[in-house]
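Remarks on the overall topology
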Amino acid sequence: MLNLEIFQGINSRKEEKEENMKVMVKVPATTANLGPGFDALGLALNLWNETTFTTTDDKQITVTVEGEGAASLPGDANNAIVDAALGIFDRAGKTCTGMKIHCLNRIPLSSGLGSSSAAFLTGMMGANALLNSPFTDEEILRIAIETEGHPDNVAPAMLGGLVASIVYEDRVISMKLPARANRSPIHVTIVLPDFDFPTKQARAILPKQVDRKDAIYNISRAVLVTEALRTGDLDLLGKVMTDALHQPYRIPLIPGAKAAMDAARNAGTSAIALSGAGPSLIAFSSKENPAVGAAMKHAFEQAGLSSRVFELSTSYEGAEVSIL
Ligand code: HSE
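Residues numbered from 1 in each chain as written. Predicted model: local features only at pLDDT ≥ 70, side-chain atom pairs only at ≥ 80, totals over all residues. Heavy atoms only, no water.

1. Section: the pattern of salt bridges
Applying the stated criterion to the full structure yields 10 salt bridges. Residues arginine 265 and aspartate 262 are paired through a salt bridge, measuring 3.4 Å at the closest nitrogen-oxygen approach. In this pair, arginine 265 and aspartate 262 are both assigned in helix α10 (residues 257-266), 3 residues apart and thus about one turn of the helix distant. Three or more residues are tied together by salt bridges with common partners; here these are Arg91, Arg142 and Glu146. (Salt bridge = Lys/Arg side-chain N within 4 Å of Asp/Glu carboxyl O. Helix = DSSP H or I, 4+ residues; strand = E, 2+ residues; numbered from the N terminus.)

Written as C-alpha cells, this is what we have:
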C-alpha cells in the first residue's frame, strides 16, 4: 500500500461529502512495434489496470496501490497517475480540492507492456471525468502522446485493437485498423524475464541513422504485419514480424532472449517479437499452447533469469471511464 500526501501541511481533513464524485478508469496493456512497426504500430491486450478516483475536499491526494508495483511505485508527486491527473486540472484551469486514488494494477511495470502509457492515460482520463470532461478523448490522447513521447502504446491503450500512428506536420494521427484481432481475439503468450531494461536505455542504444536496406526491410514488413493481423494469417505474421531497426540492438542485451525466441518457434508459435522495447517477448499462436511459454521460460532460466508467463489475448476494447 502506498500512501501519498501531496498537500502535506494543509490541515483540517474534513468528512467526505456524500456528493463526492467517484469514477473508475480501465486501461489495457499494449504491445508496441509488433516487430517492424517501430514507434508506429501497437495492439491492445486483455490485461487491465482498474483505478478509482474519488473527489474529496480535504486538500489531500491519497494513492493506494494493489497488485503490480504495490511495493515499488514512488511515494511522492512523481507518481505518474497523480502527475498526469494534476496536469489535466492545470490545463483546465482548475484546482484539485483533493482526491483518493485506488489502483488495481495488473500490468507489470517496466515490462514492455505499456504500463507507463496506462498510468498517463489513467490519470488524465480520471481527472478529465472528475472535471466533467473539459477535454475530448482526442485531446486527451494528444496530451498523453506528448507526455509519453511516442504514440505506439498510448494510442492502442486509448482506442483498443490494432492502431497505426504517424506524425503529420506537428501532430500525431492515430488510426484503428481493421484486424481480425479486433473481431475475434488472437492468443498471445508474453514472457517477462526478471531483467531491468528501462525504455530510456533501450531507446538510447539505438543508432540515430539507419541503412536504406534496413528501412526497406521494415517498411515492407510493417505493411504486411497489418495485413496478417487484418486477415488473421499467423503464418504470414511469422514471416513478417521481424525487424532490422531495433530488435538486433536490443535482443543481445537481454540474456536468453534470442534463445527464448528460437525456443518459442520450436514449440510451435507462429510469430514472435520483442514486446515494445522489452524485456518481455510476445508470441502469437492460433490457440493457447502452454509449451510455448514453458520453452521460453526454460530458455531464460538457462541464461540465469527467472521469468513470468502471461497467457493473454488481444483486445478490441480500449480505455473506458465509468462514473460510479
Ligand atoms: N516504440 C517504443 C520503443 C515502445 O520501442 O522504444 C516503447 O514502449
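Read on, since the account is not over.
2. Section: the confidence of the model for the protein chain
The pLDDT averaged across the protein chain works out to 90; a share of 92% of its residues lies at or above 70. Here helix α5 (residues 180-183) is the element of the protein chain with the lowest mean pLDDT, 67, and helix α9 (residues 247-250) is the one with the highest, 98. For residues 1-17, every residue scores under 50 in pLDDT, and the model assigns this stretch 44 contacts once sequence neighbours within four places are set aside. (pLDDT = per-residue confidence, 0-100. Contact = heavy atoms within 4.5 Å.)

3. Examining the sheet that holds strand β8 (residues 271-274)
By way of backbone hydrogen bonds, the strands of a sheet pair with one another, either parallel or antiparallel. Strands sit in the order β8-β9-β7-β10 across an open sheet of 4 strands; the sheet is antiparallel. Pairing within the sheet leaves two strands with one partner each, and these edge strands are β8 and β10 (307-313). For this sheet, the mean angle separating the axes of adjacent strands, direction not counted, is 20 degrees. With 4 bridges connecting them, β8 and strand β9 (residues 281-285) associate as antiparallel partners. By the bridge assignment for β9, isoleucine 272 is matched with alanine 283. Along the sheet, α10 makes contact with β8 and β9, crossing β8 at roughly 165 degrees. (Pairing = 2+ DSSP bridges. Axes fitted to C-alpha atoms, helices over the stretch in contact; angles between N-to-C directions.)

4. Some thoughts on the site of the ligand
Lining the immediate environment of the ligand, one finds Asn33, Phe38, Asp39, His150, Asp152, Asn153, Thr199, Arg203, Arg250, Gly276 and Ala277. Between the ligand and aspartate 152 there is a distance of 2.6 Å, counted from a nitrogen atom to a side-chain nitrogen or oxygen. A distance of 2.8 Å is found between an oxygen atom of the ligand and a side-chain nitrogen or oxygen belonging to arginine 250. Coverage of the ligand by the protein amounts to 95% of the 260 Å² it exposes when considered alone. Its residues assigned to classes, the shell around the ligand comprises 2 nonpolar, 5 polar and 4 charged. (Near = heavy atom within 4 Å. Polar contact = N/O pair within 3.5 Å; in protein donor to acceptor, adjacent residues only side chain to side chain. Areas by Shrake-Rupley, 256 points an atom, 1.4 Å probe, with all protein chains shown as cover. Nonpolar A, V, L, I, M, F, W, Y, C, P; charged D, E, K, R; others polar.)

5. Some words on the state of the cysteines
A disulfide bridge is the covalent bond that connects two cysteines by way of their sulfur atoms. Within the structure shown, the criterion is met by 0 disulfides. Cysteine 96 forms no disulfide, and the closest cysteine sulfur to it belongs to cysteine 103, at a distance of 14 Å. With a relative accessible area of 5%, cysteine 96 lands in the buried category. (Disulfide = S-S within 2.5 Å. Buried < 20%, exposed > 50% of the residue type's maximum accessible area, 1.4 Å probe, protein only.)

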